[in-house]
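Analysis of the macromolecular model
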Amino acid sequence: QRRIFHGSSLDINWRNGWLISARPDTLFLADVRMGAQANKKGRIIFNSACSSTVKIPVGISSCLVGERVRYDGGHKLDTYITQTLGDYFEYSTFCPEVAIGMGIPRKPIRLIRLGLDSIRCVAVDDSGRDFTQALEQCTDRQREWHEKLCGYIFKKNSPSCGLERVKIWAESSTYAGQEPGEEGVGIYAEKLMENYPTLPVIDESRLGDAVLRENF
């Protein structure tokens, strides 16, 4: 991401061929290939082919838009995301757990710590069933559509999609024993951020914070 225009009335960023206004009271974009130009003062001029109705492409965890893809066959529909932000964003939904063939419903997974540095994603009832590599490889296979995104909204606390504070269990701990730490990142989310370090990302809980939402 790099800033290409800065004018007295508009602050414009470039991402994936789009010009996006960063003004707090403005949500507008136009494809530069459709005729956006800057005059000598840095103001943006759009020809008649440009349309303010074009939506920003954003990836999102499928459960947040109501798709029943969770381990228990449920969803986590967020109406602010679908109704309010949906007026501006064109969502590409994805569930990495379903994509690697885990099925619906399925046994839940969690993150465990092996030794000092290794974090693995395994089945809750069988730590020998390790999904870490499958999730990482699945992320890499999505590059064709990931590259077209201007942002991503993840499901919080998920061992595959969580952005922060995901629970990490000690290898020998149980639910009745040692409490997990909350410093993990979901395997899919971490790999995607590694592949696209400048891509704006957020989870649904952070969207409730006006400052974090505006930054996103």
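Attention here is on the structure that accompanies the text. (Residues numbered from 1 in each chain as written. Predicted model: local features only at pLDDT ≥ 70, side-chain atom pairs only at ≥ 80, totals over all residues. Heavy atoms only, no water.)

Quick look at the overall build of the chain now. Within the chain, the secondary structure is distributed over six helices and 15 strands. With the model as given, the accessible surface of the chain reaches about 11800 Å², and the carbon-plus-sulfur share is 47%. (Helix = DSSP H or I, 4+ residues; strand = E, 2+ residues; numbered from the N terminus. Areas by Shrake-Rupley, 256 points an atom, 1.4 Å probe, with all protein chains shown as cover.)

Covalent bonding between the sulfur atoms of two cysteines defines a disulfide. Under the definition given, this model contains zero disulfides. No disulfide involves cysteine 63; its sulfur sits 6.9 Å from that of cysteine 95, the nearest cysteine. (Disulfide = S-S within 2.5 Å.)

Further remarks concern the packing of helix 3 (residues 132-141) against helix 5 (residues 187-195). Relative to each other, helix 3 and helix 5 sit at 40°, their axes nearing to 9 Å. With respect to their mutual orientation, helix 3 and helix 5 come out oblique. When you trace helix 3 past helix 5, the crossing you get is right-handed. On the side of helix 3, the interface is formed by Thr132, Leu135, Glu136, Thr139 and Asp140, while helix 5 contributes Ile187, Tyr188, Lys191, Leu192 and Asn195. Of the residues belonging to the contact of helix 3 with helix 5, the class tally is four nonpolar, three polar and three charged. (Axes fitted to C-alpha atoms, helices over the stretch in contact; angles between N-to-C directions. Parallel < 35°, antiparallel > 145°, perpendicular 65-115°, else oblique. Left-handed = near helix turned anticlockwise from the far one by under 90°. Contact = heavy atoms within 4.5 Å. Nonpolar A, V, L, I, M, F, W, Y, C, P; charged D, E, K, R; others polar.)

Function-wise, these values are silent; they only describe arrangement.
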